[in-house]
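# Fold and geometry: a report
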Amino acid sequence: MQKLVYEQNWENNLTEKDRNYIEEIFDNLSFDHSRKVDFTYLWQAINHRDDLLVTAIVHNLSGEDVLFNETVVEYEGVAKDQFSLPVTLDAHTSMPWTFIFNSYNNAEKVSELVAPELE
């Protein structure tokens, strides 16, 4: 069974409103276990440096722990970059994360994160 966890900084700083939103989304998900890792898009923003911030729930749907180490993540049709997360995502665990893309294609609407193919 998939469980939702928060990285310590998220746990300490997440507003109650955002936590409730994330948990409501998570509670209503059905998972496609054909992929090892998948994403559920939550929101996007542009910061003061004009970076694209994409917040999603990262799902490790496999029975093994996953480490994002220079893993290519693509925000479909808009941005693509390598990311290393400072945490290991345990088996059958989901965790919200914000990916910061320094460069991206300017688009009115961007659709979804594309799950990386992990070995």
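Our structure is the block above this text.
Please read all numbers here as calculations on a predicted model, not as lab measurements.

Turning our eyes to something else, we now look at the overall build of the protein. Secondary structure assignment for the protein yields 2 helices and 9 strands. Ordered by position from N to C terminus, the α and β elements of the protein give β-α-α-β-β-β-β-β-β-β-β. The buried share of the protein, reckoned over its 119 residues, is 39%. Put simply, 61% of the contacts in the protein that link residues at least 6 apart link residues at least 24 apart. Of the roughly 7,300 Å² that the protein leaves accessible, carbon and sulfur atoms contribute 43%.

This paragraph deals with the pattern of salt bridges. Evaluation of the coordinates by the stated rule reveals 3 salt bridges. Ionic pairing is found between Asp51 and Arg49, a salt bridge with its closest N-O pair at 3.1 Å. In this structure Asp51 comes out as buried when scored by relative accessible area, which is 6%. On the basis of relative accessible area, Arg49 is assigned to the exposed category, the value being 55%.

Another point: the pairing of strand β2 (residues 37-46). Judged from the 9 bridges that link them, β2 and strand β3 (residues 52-60) form a sheet pairing that is antiparallel. Looking across to β3, one finds that Gln44 is bridged to Val54. Turn length for the β2-β3 hairpin, with the two strands adjacent in sequence and antiparallel, is 5 residues, and the turn residue Asp50 shows positive phi of about 70°.

We now examine unusual backbone geometry. Excluding glycine, a negative phi dihedral is what most residues carry, and trans is how most peptide bonds are arranged. Backbone geometry at Asp50 places phi at a positive 70°, although glycine is not the residue there. Among the secondary structure elements, Asp50 is positioned in the loop between β2 and β3. Exposure remark for Asp50: the relative accessible area of 46% places this residue in the partly exposed category. In the Ramachandran plot, Glu70 falls in the positive-phi region, its phi being about 50° despite a non-glycine side chain. Relative to the helices and strands, Glu70 is located in the loop between β4 (66-67) and β5 (71-75).

Thresholds, definitions, all that
Residues numbered from 1 in each chain as written. Predicted model: local features only at pLDDT ≥ 70, side-chain atom pairs only at ≥ 80, totals over all residues. Heavy atoms only, no water. Helix = DSSP H or I, 4+ residues; strand = E, 2+ residues; numbered from the N terminus. Buried < 20%, exposed > 50% of the residue type's maximum accessible area, 1.4 Å probe, protein only. Contact = heavy atoms within 4.5 Å. Areas by Shrake-Rupley, 256 points an atom, 1.4 Å probe, with all protein chains shown as cover. Salt bridge = Lys/Arg side-chain N within 4 Å of Asp/Glu carboxyl O. Pairing = 2+ DSSP bridges.

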